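# Residue-level structural notes
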Protein chains: 4
Amino acid sequence: VNFASDNNAGICPEVLEAIVAEAPEVDAAYGWDRASARLERVLVEVFEHDVWCLPVITGTAANSLALAATNPVWGAVSCHELAHIVVDECGAVTVAGSGLSLDPLPGEHGRLTAQTLDRRLRTRRDSGVHTPAATGLSLTQATEAGTVYRPDEVAALAAVAHERDMVVHMDGARFANAVATIGATPAELTWRAGVDVLCLGATKGGALGAEVVVGFDRRRLRDDPERLRKRMGHLLSKQRFASAQLVAWLAEGTWLRHARHANAMAASLAEALVAQGVHPIHPVEANMVWVHLESSAVERARRLGASFYVESEHDDGTQEARLVTSWATTSDEVDSLVRALSQA
Amino acid sequence: VNFASDNNAGICPEVLEAIVAEAPEVDAAYGWDRASARLERVLVEVFEHDVWCLPVITGTAANSLALAATNPVWGAVSCHELAHIVVDECGAVTVAGSGLSLDPLPGEHGRLTAQTLDRRLRTRRDSGVHTPAATGLSLTQATEAGTVYRPDEVAALAAVAHERDMVVHMDGARFANAVATIGATPAELTWRAGVDVLCLGATKGGALGAEVVVGFDRRRLRDDPERLRKRMGHLLSKQRFASAQLVAWLAEGTWLRHARHANAMAASLAEALVAQGVHPIHPVEANMVWVHLESSAVERARRLGASFYVESEHDDGTQEARLVTSWATTSDEVDSLVRALSQA
Amino acid sequence: VNFASDNNAGICPEVLEAIVAEAPEVDAAYGWDRASARLERVLVEVFEHDVWCLPVITGTAANSLALAATNPVWGAVSCHELAHIVVDECGAVTVAGSGLSLDPLPGEHGRLTAQTLDRRLRTRRDSGVHTPAATGLSLTQATEAGTVYRPDEVAALAAVAHERDMVVHMDGARFANAVATIGATPAELTWRAGVDVLCLGATKGGALGAEVVVGFDRRRLRDDPERLRKRMGHLLSKQRFASAQLVAWLAEGTWLRHARHANAMAASLAEALVAQGVHPIHPVEANMVWVHLESSAVERARRLGASFYVESEHDDGTQEARLVTSWATTSDEVDSLVRALSQA
Amino acid sequence: VNFASDNNAGICPEVLEAIVAEAPEVDAAYGWDRASARLERVLVEVFEHDVWCLPVITGTAANSLALAATNPVWGAVSCHELAHIVVDECGAVTVAGSGLSLDPLPGEHGRLTAQTLDRRLRTRRDSGVHTPAATGLSLTQATEAGTVYRPDEVAALAAVAHERDMVVHMDGARFANAVATIGATPAELTWRAGVDVLCLGATKGGALGAEVVVGFDRRRLRDDPERLRKRMGHLLSKQRFASAQLVAWLAEGTWLRHARHANAMAASLAEALVAQGVHPIHPVEANMVWVHLESSAVERARRLGASFYVESEHDDGTQEARLVTSWATTSDEVDSLVRALSQA
């Protein structure tokens, strides 16, 4: 049973069907195709707002492109110290952003607070041209800890940023899971709360590989995102297959249905673990359960075929394990994992 | 009828089948999967040589990564002045290569000659640390003009480069078409002729989107290609779908079969045009036919539904048109295009 | 009276004399001159070790070049969160280092401890190619807080870094002040304690503008520092004037004499302030005194002609003021400043 | 006798005097000083136009900064194929410009013509986002061949560029020599002829090291040049010494007096060589004489103590020699060189 990551799952049936349907077609390359045009219309509907949008193939590309297009090369982006852009993108934001810096901040359960951000921005050393300028804020929704920001939390953070004319970016690799949990509309969680540009990820939610940068305000652009995408090698010749995936995934609520399922599996996993006396480290609000496990338990579970990451080891011999569910996770797999861990 | 580019075609049946077969599977992300392991074995067989290999999703990414990993940041790569890396990648090599320069050279029919390269390297200004150092050679196979390099031509060029310890890169977005034309083995056209690193493209040959950087000599690496790929945003989480595409495409000669078909369609198109008195500008050696057309002919053909690019316009009112065939081009389409052009 | 920065002072007589002597000479450009050759010999003597050395004109250039030459582009450099490379170089390390990241750490009085560094390196998220690799450590000597590292403190920090094969860099913009305070030899404070590359600054110590990157171990070089310097625009045509400054400054202990004077002025300033009941925030170990001042005191002192920076303002109405002395500071100026502040 | 480069000469008396006068002063760092303020006023007078200006220490820094501040990162700068930015700056423009490309063009005697530029811009491949955009033109004045552009030639070139909204940059490392030759005003050779940004070099003209980027139109700025300068490590702490050099050099026509002298020495050298039957390769219009010399003549002249560069060697055994004069060259030195060459 595989709880290593939602990106270990395959392609969900709806997205696969769209790829199969598009496969025999002939259409223009580089985004001048019917599916890409349709994607823009779908995004306008889903977000109830005009958008500019650029599909890419990885979350790292999406984040890098979004931040590079909206910040100056001498800027700095405030973000959580465990954000994907800090610890999991090997400096990609800095490469795409031609030197753009990150300013990592602490925060419980993977979340930044408006207070932390405000204090940091008021007290960070700022010597004019000598210091990277605070030009951006990046929020991860759902967070790397499997928690979510409520619309008012996003709004409070965005207000602090906008007061200083900083752009507000949302890394939404698991945006679907956040929407599914909170029950707010995509609009309420983004532009209505002050988000200027969203990286909406479908890969973890069932696509072969498809992410899309969704911008809500062209005035936030400091450079041409199409040029930047091209020179990052991220303009797909057969972009229509990325667009078709996104269209199928967003259509008829498929994305939220899959996200609700993944969230429910995580909730049920957490419940079963609590029943065994294993309490989650972070609130389980999306499709992840973080727990402390004895090293021996980890080993035995793995011998029994369970696959998952341990993020760090503690001096008391326990490990911090991350258990991730997906659109493809079954109740049987949850049961198997719980059994494997409890036997241990 | 679409002769705009081989990347306007869809997914060939063999590759689609592989995607469908892989879709329901669960496997590790970031290349630690079965399909990626199998890809390496397949490449070893196809090229009859040990390789290091990194799948990516675009040709621009492949070229950028290959050159960045094998040249110093203060290097310069000699290449044809119409190479994709010069005119069609918006500076991507320079971005991935952290300042790596290109040194474009002229050459008839899209081909460089060993003489041109040698003369350039002997006479270019070189003031030590003041001048970008000549560290790489990039050849495009098949070329942007639809011609090919024979093994002895590659070997002569590579010899000039290696004499100066320059790395030899091959942009093989249409490598399949070149192999199909020449009838040499993949090995004879690459490492046996002195190629150090090949970008093998499957996208134009029938894949959804899959290219792979194939290295024949780890000693040519100046930096860690896996780190560079990651920070370019080109490490795919579900890399197995890229690998599965490449495996299916390379298996049982599918790639060469499709390439032979595309080449045959181009040859038949050229023959029919010659019969009409329209002579190709460049030898038709792969899946492209370049012709001069009257502007009025271009307009009429387009009104009749023909899609193709014109690259440049001349003072005499003619245009330089590029007609590209693919695995999906049919004889009927060739006939339709010829009719559309001849009526004009 | 000017206590804003040691770089507000002019050129000390010894350095000026060297410039005047060199002025009418004709010699080779770009470092192939007699003064540059002599500089290397002087550095070998001063540091009692073979060195490679590259003069540049600013401390930012020196730090950027030293770190870029010794770290991979996907690396990260651990350093104090108030280090010059973090807050005062506008991302220069990242630009020169083609994406190189910084990992800022806290530490009392501007100093890192081996414990803090070790804990950080053991617990920071490290997901292989996904995370910038910890490849460098940068120490500032004397620190931005005006404190110094003792040889055993440097050695303990370097040991933690070397255990992980990280390069150890020292930002020595005020290295002279540190040597003058500690009384250890330059060798004891650098290579004997594990420093691999030092940026030795003369500008704050009396030069017109001259810094030199001094490397103690060529095996730590990952790229050619001369090529990197050139492409940063930091190879001086008349480099001999930078070299001549450095030679004159280092000769016959001039650098240490000036540093001792500056340190003594700071000590005497601190003593006088303590007598007034104003206690330094950080130990006064070099040529800086940090104090909390009432906003009204700051204003009045400025009206009386005193020039100095306040770095931050506190909620209680006090300000954190930085008072810097130099080779040119006189006792009279110290007295004037103390009077100006005490009247307030 | 040294004819290797004008940067082998020392500091001219007027500039040295300014450094000596500034040396004991205390003033603000980073350009907030009296000399820097005065420099701006002097430039306004010299160019009879409002300017923005940024002093730096090398010509490479000036060119890189000027082009980075006025072009997009995905732009390309048209320039002569032997321009300093192409062959003598090791990719610095690309580094400072975060990937900015160069598009080198041929031209007799180191000069571009409006026809060549226009033809290139009309015929170069331009596939929208796929191709680096033609965004800048860089002219070298005086050229690397020692020739100059007349105001109408500059205007014709600038007109071609401005028609396409390209920025016009002038590399004026030897601008003084051009002004001295042509007898036009600095204004006539720059903004009146369409130059948007000039890099004015004093180093080759007698300074220790001082160049200044002079902008004539803030609307041409695409990024903040002060931020870019800082992150290149080119913001000088004691900038006042660069400014003081430039002020002294520009004051009372010193710069033109020295340039006229250097030009006259070159003219007299050329005349003497012609009398010996050695004819210059390029018109001698500034402070350089290019000649073909037998290899044996080069060797003998060097044995007699003459220092100069040979740029390339020909199959017929001759070498292309560059003889450069400066403000410091004397008639005796010219005579010595001519004798040394004629004996050979």
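First things first, this report covers the structure right here in the doc. (Residues numbered from 1 in each chain as written. Chains lettered and ligands numbered in written order. Predicted model: local features only at pLDDT ≥ 70, side-chain atom pairs only at ≥ 80, totals over all residues. Heavy atoms only, no water.)

Right, let's get into the relation of the copies chain B and chain A. When chain B is fitted to chain A, the best match, at an RMSD of 0.0 Å, comes from turning it 180° and sliding it 0.0 Å along the axis. Classification of the inter-copy transformation places it as that of a two-fold axis. Ranked by how close their C-alpha atoms come to the rotation axis, the residues of chain B are headed by Met232 of chain B, at 3.4 Å. Take the interface residues of chain B: 100% of them recur as interface residues in chain A, which is what a same-surface contact looks like. (Least-squares fit on C-alpha atoms with pLDDT ≥ 70 in both. Contact = heavy atoms within 4.5 Å.)

Turning our attention to the packing of aromatic side chains. Centre distance and the angle of the planes are the two values used to describe a pair of aromatic rings. All names here are of chain A. Summed over the entire model, instances satisfying the criterion amount to 16 aromatic pairs over all chains. An angle of 55° between the planes, with centres 5.6 Å apart, marks the rings of Trp249 and Trp255 as tilted. Neither residue differs from the other here; Trp249 and Trp255 are each classed as buried. Every member of this aromatic cluster is reached through a ring pair, and the members are Phe47, Phe175, Phe216, Trp249 and Trp255. We note Arg302 situated over the ring of Phe308; from NZ or CZ to the ring centre the distance is 5.1 Å. (Phe/Tyr/Trp six-rings, centres within 6.5 Å; stacked < 30°, edge-to-face > 60°. Buried < 20%, exposed > 50% of the residue type's maximum accessible area, 1.4 Å probe, protein only. Lys NZ or Arg CZ within 6 Å of the ring centre and 35° of its normal.)

Moving on to unusual backbone geometry. Residue and element names in this part refer to chain B. Cis peptide bonds are those with omega within 30 degrees of zero, and the linkage from Gln141 to Ala142 qualifies with -10°. You can see Ala142 is positioned in the loop between β4 (133–140) and α7 (151–163). Within the chain, Tyr30 stands out as a residue other than glycine whose phi angle is a positive 60°. Within the fold, Tyr30 resides in the loop between α1 (13–22) and α2 (34–47). In the Ramachandran plot, Asp165 falls in the positive-phi region, its phi being about 60° despite a non-glycine side chain. Relative to the elements of secondary structure, Asp165 occurs in the loop between α7 and β5 (167–172). (Helix = DSSP H or I, 4+ residues; strand = E, 2+ residues; numbered from the N terminus.)

The next subject is the pairing of strand β6 (residues 197–201) of chain D. All names here are of chain D. Counting buried positions along β6 yields five of five residues, so the element is predominantly enclosed. Neither face of β6 is open: one carries Val197, Cys199 and Gly201, the other Leu198 and Leu200, and all of them are buried. The pairing of strand β5 (residues 167–172) with β6 spans four bridges and is classified as parallel. In the strand pairing of β6, Asp171 is matched with Cys199. Relative to strand β7 (residues 211–215), β6 runs antiparallel, the two being bridged by five bridges. Counted as the bridge partner of Cys199 is Val213 from β7. (Pairing = 2+ DSSP bridges.)

What follows concerns the interface of chain B and chain A. Facing 42 residues of chain B, the contacting portion of chain A comprises 42 residues. Both faces considered, chain B and chain A share a buried interface measuring about 3,600 Å² in area, 61% of it formed by carbon and sulfur atoms. Interface area lost by chain B to chain A is led by Leu208, Arg231 and Lys238 of chain B, which between them contribute 18%. Taken together, the links from chain B to chain A amount to zero salt bridges. The interface formed by chain B and chain A holds 31 residue pairs in polar contact (both at pLDDT 80 or more) in total. Of all the elements in the fold, those that place two or more residues in the side of chain B that touches chain A are α1, α3 (59–70), α5 (92–96), α10 (225–231) and α11 (239–250) of chain B. Here the residues of the side of chain B that touches chain A sort into 21 nonpolar, 12 polar and nine charged. (Buried area = accessible area lost by both parts, 1.4 Å probe. Salt bridge = Lys/Arg side-chain N within 4 Å of Asp/Glu carboxyl O. Polar contact = N/O pair within 3.5 Å; in protein donor to acceptor, adjacent residues only side chain to side chain. Nonpolar A, V, L, I, M, F, W, Y, C, P; charged D, E, K, R; others polar.)

Many descriptions give the size of an interface as the accessible area lost when the pieces come together. With 20 residues of chain C at the interface, the matching set in chain B holds 20 residues. For the pairing of chain C and chain B, the buried interface totals around 1,700 Å² over both sides, and the portion due to carbon and sulfur atoms is 56%. Sorting the residues of chain C by area buried against chain B places Trp74, Val129 and Arg227 of chain C first, and these three jointly supply 40% of that buried surface. The interface formed by chain C and chain B contains zero salt bridges. Counting across the chain C and chain B interface gives 12 residue pairs in polar contact (both at pLDDT 80 or more). Broken down by element, the residue count for the side of chain C that touches chain B peaks at five residues, all from helix α10 (residues 225–231) of chain C. Of the residues assigned to the side of chain C that touches chain B, the class counts are eight nonpolar, five polar and seven charged.

This part is about the sheet that holds strand β2 (residues 75–80) of chain C. All names here are of chain C. Read from one edge to the other, the open sheet built from seven strands follows the order β1-β7-β6-β5-β4-β2-β3, with strand pairing classed as mixed. Looking at the sheet topology across the chains shown, the edges are occupied by β1 (52–56) and β3 (101–105). Strand-to-strand twist of the sheet, defined as the mean angle between neighbouring strand axes without regard to direction, takes the value 20°. For β2 and β3, the ladder comprises five bridges, and the chain directions are parallel. (Axes fitted to C-alpha atoms, helices over the stretch in contact; angles between N-to-C directions.)

Structurally, the position occupied by Lys230 of chain D is in helix α10 (residues 225–231). We note that Lys230 of chain D is buried and unpaired, the nearest opposite charge coming from Asp88 of chain C at a distance of 6.2 Å. Those residues within four positions of Lys230 of chain D in sequence are excluded, and the remaining contacts are Val129 and His130 of chain A, Thr60, Asp88, Glu89, Cys90 and Ala92 of chain C together with Leu235 of chain D. (Lys, Arg positive; Asp, Glu negative; His and termini not counted.)

Residues and elements named next belong to chain A. Pairing is mixed in the open sheet, where seven strands are placed in the order β1-β7-β6-β5-β4-β2-β3. The open sheet has two edge strands with one neighbour each: β1 (52–56) and β3 (101–105). Within the sheet, the average angular offset between the axes of one strand and its neighbour, ignoring direction, is 20°. Lying over the sheet, helix α6 (residues 114–123) contacts β2 (75–80), β3 and β4 (133–140), oriented at roughly 125° with respect to β3. Set on the sheet, helix α7 (residues 151–163) makes contact with β4 and β5 (167–172); between it and β4 the angle comes to about 170°.

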